[in-house]
Amino acid sequence: MSEALVAVGAAGTDASVPAASGARQFWRRLRAQRAALVAAAVVALLVLVALAAPLLTALEGQDPTTYHPSLVDSARGGVPIGSLGGIGADHWLGVEPQTGRDLFARLVYGARVSLGVALAATVVQVAIGVAVGVGSALGNRWVDQLLSRATDIIVSMPLMIMSLALLAIVPSSFPRPVLVTLVIGLIAWGNIAKIVRAQTLSLKGLDHVSAARLSGWGTWHVARRELLPGLAAPVITYAALLVPTNISVEAALSFLGVGVKPPTPSWGQMLTAADVWYQAAPQYLLLPAGALFVTVLALTVLGDGVRTALDPRAASRLRVGTGRKDAKVVEDVEDAKGVEGAMSDKEATA
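It should be emphasised that the depicted structure is a prediction, and the values quoted were computed from it without experimental measurement.

Each value, and the rule that gives it
Residues numbered from 1 in each chain as written. Predicted model: local features only at pLDDT ≥ 70, side-chain atom pairs only at ≥ 80, totals over all residues. Heavy atoms only, no water. Axes fitted to C-alpha atoms, helices over the stretch in contact; angles between N-to-C directions. Helix = DSSP H or I, 4+ residues; strand = E, 2+ residues; numbered from the N terminus. Left-handed = near helix turned anticlockwise from the far one by under 90°. Contact = heavy atoms within 4.5 Å. Nonpolar A, V, L, I, M, F, W, Y, C, P; charged D, E, K, R; others polar. Buried < 20%, exposed > 50% of the residue type's maximum accessible area, 1.4 Å probe, protein only. Salt bridge = Lys/Arg side-chain N within 4 Å of Asp/Glu carboxyl O. Core = buried A, V, L, I, M, F, W, Y, C linked by side-chain atoms within 4.5 Å.

**Details of the packing of helix α5 (residues 103–138) against helix α6 (residues 141–156)**
Stage number 1. Here α5 crosses α6 at 145°, and the two axes come no closer than 7 Å. Here α5 and α6 pass one another in a crossing that is left-handed. Of the residues in α6, those in contact with V132, G135 and S136 of α5 are V143, D144, L147, S148 and T151.
Stage number 2. Per-class residue counts for the contact of α5 with α6 are 3 nonpolar, 4 polar and 1 charged.

**Considerations on unusual backbone geometry**
Stage number 1. The backbone phi angle of Q98 is positive, close to 70°, even though this residue is not glycine.
Stage number 2. Looking at where Q98 falls in the secondary structure, it is placed in the loop between β2 (79–80) and α5.
Stage number 3. In this structure Q98 comes out as exposed when scored by relative accessible area, which is 54%.

**Describing the pattern of salt bridges**
Stage number 1. Applying the stated criterion to the full structure yields 6 salt bridges.
Stage number 2. As a salt-bridge pair, D144 and R197 come within 2.9 Å of each other at their nearest N and O atoms. Note that D144 is positioned in helix α6 and R197 in helix α9 (residues 190–204), a separation of 53 residues in sequence.
Stage number 3. Its relative accessible area of 17% is what places D144 among the buried residues.
Stage number 4. Note that R149 is salt-bridged to D152, the shortest N-O span being 2.9 Å. Placement of the pair is R149 and D152 together in helix α6, with a separation of 3 residues, close to one helical turn.
Stage number 5. By relative accessible area, which is 42% here, R149 ends up partly exposed.
Stage number 6. By relative accessible area, D152 is classed as partly exposed at 27%.

**Side note on the environment of M270**
Stage number 1. Positionally, M270 belongs in helix α12 (residues 267–274).
Stage number 2. Between the C-alpha atom of M270 and that of R106, which follows or precedes it by 164 residues, the distance is 8.5 Å.
Stage number 3. In this structure, M270 is in contact with L103, R106, L107, Y284 and P288, ignoring residues within four places of it in sequence.

**Considering the nonpolar core**
Stage number 1. Counting 28 residues, the largest nonpolar core has I247, W267, Y284 and L292 as the members making the most contacts within it.
Stage number 2. Broken down by secondary-structure element, the contributors of at least two residues to this core are α3 (34–51), α5, α11 (219–255), α12 and α13 (282–310).
Stage number 3. Considering every element that reaches this core, the biggest residue donor is α13, with 8 residues.
Stage number 4. Beyond its immediate stretch of four places on either side in the chain, I247 contacts S114, L115, A118, L292, T295, V296 and L299.
Stage number 5. Of all hydrophobic cores here, the second largest spans 15 residues; its members include V126, L138, L227 and A239.

Following this line, the structure appears as structure tokens:
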């Protein structure tokens, strides 16, 4: 391996070896972070569970809305009958106090709502933020001032208070998951707009962008062909860190009673109903709280891993699982293996 590295430096044979693509380099750097890979596996499993919620509940033979009053003890205030909250072959995680609804079914269907709202809200935030940020950076002075001041107003708005106000005045007939998605997405795009504007201003001065403008390309053609690819890394990084934040916001709104309404299950709503049952039926509180904790932690670690992989010069804020290997060292080793393989192939053909 060391001989291959020396050969590359001395003979300059790396010109004959194809350079690794950006996606390949990104995967190498991400693969060097074990914690990020574990987090990605956890997130993939959670998404799979959310998508397969109807199949999983069909295997159990339950659904998230059917009441089972015979499975709770009305004389004790609705405590589930049986050990561990009524866990059994028919109810894998027990039943909900007072109503007797299946807890497993509500947990997996709640994952669909919580993850779906967070991901959709992130898409809305990114779309608006990129449009406003690029428009502000490429527009004239008046456009820049107008969009920048609008962004400052959005950033200064307290997200929770504005969400509470908007969700309280909208008619209950409007689908709540869609409403929560729109409220979060339309209020919290200011920070990404600022990031995109600053990055676009720095990209405008690069040679290839200046050459494209001098060649007669229009402003938006330059933005689409030259600027947006350069904005991909910071936008993807920030979006990966937005998802766990949006999950927490959705859970907080549902916990406060203005988010997703019954009978549609969500983890925040389950926590709202479980706050008085933590002694009589602790699993009713621990299950949604644990699901929220694992999801937010996994998405946060994955987002940090994506940020580090896209910008290898930045030190990871989460040192867990990165090991003693630096991503650059791993990349150099992989390149050396590729060079050594290419040299072996040349010798074989010779």
